[in-house]
Amino acid sequence: MPSLRIVKRRIRSVKSISQVTKAMEMVSASKMRRAQQHVLAARPYAERLREMIAELAVRPGPEWESHPLLQKREARNHIGLIVMTSDRGLCGSLNSNVIRRATADMLEYGGPAASEVITVGRRGQDFMVRRGVHLQATFTYLGDQPGVVAAQPIARVIMDSFLDRQIDAAFVVYPKFVNTLTQRVTVDQILPVVPEQGTVSHKDYIYEPTLEEILSELLPRYVEVQIYQALLETIASEHSARMIAMRNATDNAKDLISTLTLVYNKARQAAITKELAEIAAGAGALSG
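Residues numbered from 1 in each chain as written. Predicted model: local features only at pLDDT ≥ 70, side-chain atom pairs only at ≥ 80, totals over all residues. Heavy atoms only, no water.

1. Some words on the overall build of the chain
Note the threshold: Runs of E in the DSSP output that reach at least two residues are strands. Runs of H or I that reach at least four are helices, and both are numbered from the N terminus. The reference for a compact globule is 2.2 Å times residues^0.38; the radius of gyration itself is calculated from the C-alpha atoms. When a residue's accessible area, from a 1.4 Å probe over protein chains only, is under 20% of the maximum for its type it is buried; when over 50% it is exposed; and in between it is partly exposed. What makes two residues a contact is simply this: any of their non-hydrogen atoms within 4.5 Å. Charged residues are defined here as Lys and Arg on the positive side and Asp and Glu on the negative side; His and the ends of the chain fall outside this count. A charged residue contributes its charge at one atom only: NZ of Lys, CZ of Arg, CG of Asp or CD of Glu.
Per the secondary structure count, the chain includes six helices and five strands. What you see in the chain, going N to C, is helices and strands ordered as α-α-β-α-β-α-β-α-β-β-α. In terms of overall dimensions, the chain is more spread out than a globule: its C-alpha atoms have a radius of gyration of 29 Å, far above the 19 Å expected for 288 residues. Along the first, second and third principal axes, the C-alpha atoms of the chain reach 115 × 40 × 30 Å. Taken across its 288 residues, the chain has 42% of its residues classed as buried. Considering only intrachain contacts with a sequence separation of at least 6, the fraction spanning at least 24 residues in the chain is 78%. Here the chain carries 36 positive and 30 negative side-chain charges, and the mean point of each set is 17 Å from the other.

2. Side note on unusual backbone geometry
Of the consecutive residues Leu191 and Pro192, the connecting peptide bond is found in the cis state with omega at -10°. Note that Pro192 resides in the loop between strand 5 (183-191) and helix 6 (211-287). Even without glycine at this site, Tyr141 takes up a positive phi of about 50°. Looking at the secondary structure, you find Tyr141 in the loop between strand 3 (135-139) and helix 5 (152-163). Residue classification places Tyr141 among the exposed positions, given a relative accessible area of 51%. Phi at Arg165 is positive, roughly 65°, even though this residue is not glycine. Looking at where Arg165 falls in the secondary structure, it is placed in the loop between helix 5 and strand 4 (169-177).

3. Some remarks on the pairing of strand 4
For the record, the criterion: One requirement defines pairing of two strands: DSSP has to find at least two bridges between them.
Burial analysis of strand 4 places eight of its nine residues in the buried class, which makes it a mostly covered element. With five bridges connecting them, strand 1 (residues 79-84) and strand 4 associate as parallel partners. Looking at strand 4, one finds that Gly80 is bridged to Ala170. Note that strand 4 and strand 5 share eight bridges and pair antiparallel. The residue of strand 5 that forms the bridge with Val172 is Asp188.

4. Concerning the nonpolar core
Inclusion rule: Here the nonpolar core consists of buried residues drawn from Ala, Val, Leu, Ile, Met, Phe, Trp, Tyr and Cys, with membership extended through side-chain atoms lying within 4.5 Å.
Membership of the largest hydrophobic core comes to 44 residues, with the highest contact counts inside it found for Ile82, Met84, Ile158, Ile190, Leu191, Val223 and Ile227. At the level of elements, helix 1 (4-57), strand 1, strand 2 (115-120), strand 3, helix 5, strand 4, strand 5 and helix 6 are the ones that each hand at least two residues to this core. The dominant element in this core, judged by the number of residues it contributes, is helix 6, at 14 residues. The contact partners of Ile82, leaving out residues within four places of it in the chain, are Ile118, Val120, Ile154, Ile158, Phe171, Val172, Val173, Ile190 and Ile227. Counting 15 residues, the second-largest nonpolar core is a separate cluster that includes Leu81, Ala102, Val133 and Val173.

5. Quick word on the pairing of strand 1
Every regular strand shows the same layout, with side chains that alternate between the two sheet faces. The condition that has to hold: When the strands point away from the viewer, a crossover counts as right-handed if the path from the first strand over the helix to the second runs clockwise.
For strand 1, a buried count of six out of six residues is recorded, marking the element as mostly surrounded by other parts of the structure. Side chains Ile79, Leu81 and Val83 of strand 1 all project onto a buried face; the interleaved residues Gly80, Ile82 and Met84 project onto the opposite face, where all are buried too. Looking at chain direction, strand 1 and strand 2 are connected through six bridges and run parallel. Along strand 2, the bridge assignment pairs Ile82 with Ile118. One crossover worth recording links strand 1 to the parallel strand 2 by way of helix 3 (residues 94-108), and it is right-handed.

Structure below.
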């Protein structure tokens, strides 16, 4: 049985760790609420933009068919992957799930040699560098409340690669925020732009300026908004996953403290019993 001093030191150490994890849980809970508000506020805009693309898609014409961001390439020899992870750890299996899915997608399309990878977040960047994957670009520490301007450089890099025919398609891999307990790894195709198949109004719009000019402005914006939405989803998922992880760590620390306290009491009781036995033995020897 360990000595009383060792057990007492371990109890103090675990209590200190539980205080840290509790503080981190509270900080993540506060950040998660703000991040969740940003995600929910941005979703209607992204949905409406997708609906506009779908509205334009039902009107076939030379402008729609010839735009470079809409060109479908049958042979996908090279793909672009935007892998979104967090900059910091301590958020459970969130980052590992995203990285595992991104790695599986790379292998499906011919391995890292056939992929142009862009990482957003230190965890994804560090993993890819350790595995020797060539990174086309990397973006880190974009903050907890990034604006849409943070997504513009990412969108520009991936769109330039697509327009230069370095890649045949582009996907973004990110953890989608479902609720506090659930973050689902999602893969969305962003290039070429594929309108969602859904219900459209088929209204007879009059476009001014021309449809070609509208597409030239709308499609790059659409790519930026898709990346920005994925970035907000990643931030909200990170804070919710970290809050849950820190809550579990705090609960485990409390259980460990209870176990160590029981061990301490048993060791203390054994020490007292031993002293009493020694005193009784000594008294018996003196009386004898």
